[in-house]
Amino acid sequence: MAARPQRAVRKLVVQRDSESEESSDEEIENDAIEEEEAVNEEEEEDYGDDADGDGEGEQEDNAATPSSSVPNGKKKKEPITISLKTAKLCKVCKAKDHQAGFVGSVYVDCPNKPCFLCKQPGHTTATCPHRIASEHGVTPAPRRQSLGMIDFVHERQLRSQIQKMMPPPVVPNRVDCAIIKLHSRRVTNLEFHPTKDNILISGDKKGQVGIWDYEKVYEKTVYNSIHTCIVGSIRFHPTNTEMIYSCGADGTVSCSDLETGLPNRAIDLNPDGWNGPSTWRMIYGMDINGTRNVVLASDNTGFLHQVDIRTNSRIGKPLLIHKKGSKVVGLHCNPVDPDLFISCGNDHMARIWDMRFLDAEGQLAELPHPRVVNSAFFSPKSGNKILTTCQDNRLRVYDCIFSNLAEPSREIVHSHDFNRYLTCFRAEWDPKDPSENLAVIGRYISDDFNGIALHPIDFIDVSTGQLVAEVVDKNITTITPVNKLHPRLDVLASGSSRSLYIWRPKDEMEDDDKGLEAEEEIKRKVTIFTVPDHAAAKKGKDKRKFDEDEDDDDDDDMLCQKSSKKKERSVMD
DNA sequence: ACCCTATGTATCC
DNA sequence: TGGATACCCTAGGG
C-alpha cells in the first residue's frame, strides 16, 4: 500500500495547564503550544516532500503515533485538539492556498489546472463560458468553416423556419418502471428488441448479457455463457429477431439464441486461450450490414473482420483499417447506403469506408480528432450526417458526408471525460427524430440539484449545440454513460454502474399545474424494495441453464424502485 | 467518514 | 518501441 498522501489536517494540541506532569509521551504536543508550526511529528514529515513521500519508515511512524492518542488513564483531562484545516493541500496541484473537491454538492476545481470542461487554461469549470453562457453547460462552438453560399442561404432563410416547423421533441424525463441492478459489473451496452417494445438487451463488463422485460419488472434473464469479459456491442440478427450478434473483449463474435443463451461462435481471435496481454485480442466494434448479410467487427489491433450471416462463418481476410496496433472501438453501417460504414478508434480517427473496395484502399474519408474517438454514428434516417464523441470533451457534427469532412460542421463542448472506471460515453442520435438533430449523451460533471450532486443525461440539439433537456433522478446519483433511445416509443433506457432503468415523458397533463409542482415534489414518494432472486424466479417462467450466478456478490437482489404513477414528479425542472 | 481497489490512456524516457 | 507512471467530479465494499 502506498502511504496515504499528505494527511494534511494539522492538529494543534494544547495541553491543559494543570496537567503538566502526566504527559509521559506527549512532549511533542507540549512544544506545540509555543510555536504553531510544530505540530505532531507526522504532520511535519508530510510537509517536507510530497513527491516521494511514501517511504516505508514514515508510514510506520504514522501508524505508531496516531495523532490524538492519549494515555487511557486520564480520560477527564484530555488535551484540546484543534485542527488547522488551512494546511490542507490541494489534491490536484499540491498547493497550499486552495483545495479542489466537493463543497457540499458543488465541486470546486483546482484553479491551476485547465478547465475541466473545455480544457482551456485560465478559468475553471465554474466560470467556463461553455457552462455559464447557456442554460446548463452546453453551447455551440463557433462554426469553424466559413459559411459558403449554400450555408448562408440555409442559415438565413431556412434555419428559423425549421425551428418553427418542428414541434419540440418529447423528452423521456422521468424514471419509470424500476431501477434494476441486473448486472454484477458495470453496464457497457444497451439495445432494444426490434419488435417487442418492452424488451431491453444489455451487456456488461464481465461479459454478461441481460434480457429484461421492463414492463413486467421481474422478467429478467442473465446469461454468462456468451462472453467472458466486456461486451463490446450487441445487434439483433437482421431477419431472426430471436437471435443476437454480440462481440466482446474475449475476442469473439457470436450469434446467440435469446431463448437458450447458447452462443454460436463466428469469430474467436484467441483460439489458444490466454498467453499474456501481448497476444490477447479483443473485439469492441461491431455492426451488421443487413443488405449484404455481413457482420463487421473490429479488434484492438486495428483490423476489421467480416462474417457472412448466412453461414455464420468468416469471410475474407482481416483488413487493417486503423493504425496498426490501435483499438478500433466503433463501427457503424450507414442506414441508407449499404456500401458505407464508419469506424473510429484510439488512433484519434474516424474513417469512412466503401464496402466494395475494402481490399483496395476503400477509405473514403478521414475525420481527424485530437483524442480517442469513442463513437461515430451516421444519422439514423438519411445517413447523411455524422455525430462523433471524442475524449477531448467535444461532440462533433458533420452535416453532410458528401461535403468536405476535413473539419466538422460544429463542435459542441460537453463534459464526457474519459475515466478508466466508467464505460465510455457515446452520443447517440434519437432514431425517431425526423430532423436528425436530437442526440442523447450522459454527462460526467455533476450539477447541484437542490443540494444533491447529480449527473444528468443531456438531450442536445446538434444543429445548434443547445441543450434541449437535462434529465436527472435524485435516486440515481451515479454517472450514466450508457443511454439508448427507443426506436419507436418515447422511452429512454439508461445504464449507470450496474443498474438499468427506463425513462418516460412526464404526462403533459401534469405539466399544466405548475403551482402544485413544488408541493408535489415534496410529497413524492419513492418505494425502494428488495426482492430475493428466487422470488422473482418463481414469478418468471423457466429458470434457465446459465441463469444462476454462482460466485458473485450482490446479484441475488433486485433493487426496484416502483413509482406510483399519479403522485410522482421528476426532480428536474 | 474514511480507506482501498479495479484498471485505460497519455506521456515521458 | 516499451516500460513506468500519473491521473480532478468513480463506485462499491470494508
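All values reported here derive from a predicted model rather than from experimental measurement. (Residues numbered from 1 in each chain as written. Chains lettered and ligands numbered in written order. Predicted model: local features only at pLDDT ≥ 70, side-chain atom pairs only at ≥ 80, totals over all residues. Heavy atoms only, no water.)

**Considerations on the sheet that holds strand β34 (residues 499-504)**
Okay, step 1: With antiparallel pairing, four strands are arranged side by side in an open sheet as β5-β34-β33-β32. Of all strands in the sheet, those bounded by a partner on one side alone are β5 (174-180) and β32 (482-485). Taking each pair of neighbouring strands and ignoring which way they run, the sheet shows an average axis angle of 20°.
Okay, step 2: Here β32 pairs with strand β33 (residues 492-496) via four bridges, running antiparallel. Residue pairing for β33: Asn 483 is matched across the bridge by Ser 494. (Pairing = 2+ DSSP bridges. Helix = DSSP H or I, 4+ residues; strand = E, 2+ residues; numbered from the N terminus. Axes fitted to C-alpha atoms, helices over the stretch in contact; angles between N-to-C directions.)

**Quick notes on the nonpolar core**
Okay, step 1: Within the largest apolar cluster, 22 residues are counted, with the highest numbers of intra-cluster contacts made by Leu 387, Leu 395, Ile 460 and Val 462.
Okay, step 2: When contributions to this core are tallied by element, the ones reaching two or more residues are β24 (394-398), β25 (410-413) and β27 (438-442).
Okay, step 3: Leaving out residues up to four positions away in the same chain, Leu 395 has contacts with Leu 387, Thr 388, Thr 389, Arg 410, Glu 411, Ile 412, His 414, His 416, Ala 427, Ile 441 and Ile 460.
Okay, step 4: Of all hydrophobic cores here, the second largest spans 17 residues; its members include Ala 178, Leu 182, Val 187 and Ala 493. (Core = buried A, V, L, I, M, F, W, Y, C linked by side-chain atoms within 4.5 Å. Buried < 20%, exposed > 50% of the residue type's maximum accessible area, 1.4 Å probe, protein only. Contact = heavy atoms within 4.5 Å.)

**Structural notes on the pairing of strand β23 (residues 386-390)**
Okay, step 1: With five of five residues buried, β23 lies mostly within the body of the structure.
Okay, step 2: Where burial is concerned, the two faces of β23 agree: the one with Ile 386, Thr 388 and Cys 390 and the one with Leu 387 and Thr 389 are both buried.
Okay, step 3: In this sheet, β23 lies alongside strand β22 (residues 373-378) in antiparallel orientation, the contact comprising five bridges. Across the sheet, residue Phe 378 finds its bridge partner in β23, namely Ile 386.
Okay, step 4: As paired strands, β23 and β24 are joined by five bridges and run antiparallel to one another. Within β24, the position partnered with Thr 389 by the bridge is Leu 395.
Okay, step 5: Counted along the chain from β23 to the antiparallel partner β24, the turn is three residues long, and its residue Asn 393 has a positive phi close to 65°.

**Topic: the sheet that holds strand β26 (residues 428-429)**
Okay, step 1: Taking strand neighbours across the sheet as the criterion, the four strands line up as β26-β27-β30-β31 in an open arrangement whose pairing is antiparallel. Where the open sheet ends on each side, the last strands, each with one partner, are β26 and β31 (466-471).
Okay, step 2: Pairing of strand β30 (residues 457-461) with β31, which is carried by five bridges, proceeds in the antiparallel orientation. Residue pairing for β31: Ile 457 is matched across the bridge by Val 471.

**Looking at the protein's contact with DNA strand B**
Okay, step 1: Around DNA strand B sit ten residues in total, of which Lys 327, Arg 371, Val 372, Arg 420 and Tyr 421 are the nearest.
Okay, step 2: For DNA strand B, the backbone makes up 53% of the atoms found within 4 Å of the protein, where backbone means sugar plus phosphate.
Okay, step 3: Between DNA strand B and the protein, one listed contact pairs a phosphate oxygen with a side-chain N or O atom of Arg 371 at 3.3 Å.
Okay, step 4: Taking Tyr 421, its side chain carries an N or O atom lying 3.0 Å from a base nitrogen of DNA strand B.
Okay, step 5: Among the residues forming the surface near DNA strand B, the class breakdown is three nonpolar, two polar and five charged. (Near = heavy atom within 4 Å. Polar contact = N/O pair within 3.5 Å; in protein donor to acceptor, adjacent residues only side chain to side chain. Nonpolar A, V, L, I, M, F, W, Y, C, P; charged D, E, K, R; others polar.)

**Section: the pattern of salt bridges**
Okay, step 1: In the structure shown here, the tally under the stated rule is 26 salt bridges.
Okay, step 2: A salt bridge links Arg 281 to Asp 299, with the nearest nitrogen and oxygen atoms 2.6 Å apart. Of this pair, Arg 281 sits in the loop between β13 (263-268) and β14 (283-289) while Asp 299 sits in strand β15 (residues 294-299), placing them 18 residues apart in sequence.
Okay, step 3: For Asp 299, a relative accessible area of 0% corresponds to the buried category.
Okay, step 4: Of the charged contacts in the structure, one is a salt bridge between Asp 430 and Lys 432, with a shortest N-O distance of 3.2 Å. (Salt bridge = Lys/Arg side-chain N within 4 Å of Asp/Glu carboxyl O.)

**Examining the environment of Lys 484**
Okay, step 1: Topologically, Lys 484 is positioned in strand β32.
Okay, step 2: Looking at Lys 484, the relative accessible area reads 14%, which means it is buried.
Okay, step 3: Between the alpha carbons of Lys 484 and Glu 428 there is a distance of 7.3 Å; along the sequence they are 56 residues apart.
Okay, step 4: Side chain to side chain, Lys 484 and Glu 191 meet in a polar contact 3.4 Å long.

**A look at the confidence of the model for chain A**
Okay, step 1: Of all residues in chain A, 67% have pLDDT values of 70 or greater, and the mean over the chain is 75.
Okay, step 2: Element-level pLDDT for chain A is lowest in strand β35 (residues 526-532), with a mean of 30, against a maximum mean of 98 in β26.
Okay, step 3: Counted against residues more than four places away or in other chains, residues 1-86, with its pLDDT under 50, gives 94 contacts. (pLDDT = per-residue confidence, 0-100.)

**A word on the packing of aromatic side chains**
Okay, step 1: Applying the stated criterion to the full structure yields eight aromatic pairs.
Okay, step 2: Their ring planes at 90° and their centres at 5.1 Å tell us that Phe 102 and Tyr 107 sit as a pair that is edge-to-face.
Okay, step 3: Given a relative accessible area of 48%, Phe 102 falls into the partly exposed group.
Okay, step 4: Taken together, the ring pairs connect Phe 116, Phe 425 and Tyr 444 into an aromatic cluster.
Okay, step 5: Note that Lys 119 overlies the ring of Phe 116, its terminal NZ or CZ placed 4.5 Å from the centroid.
Okay, step 6: A cation over a ring is seen here: Lys 327 above Tyr 284, with NZ or CZ 4.3 Å from the ring centre. (Phe/Tyr/Trp six-rings, centres within 6.5 Å; stacked < 30°, edge-to-face > 60°. Lys NZ or Arg CZ within 6 Å of the ring centre and 35° of its normal.)

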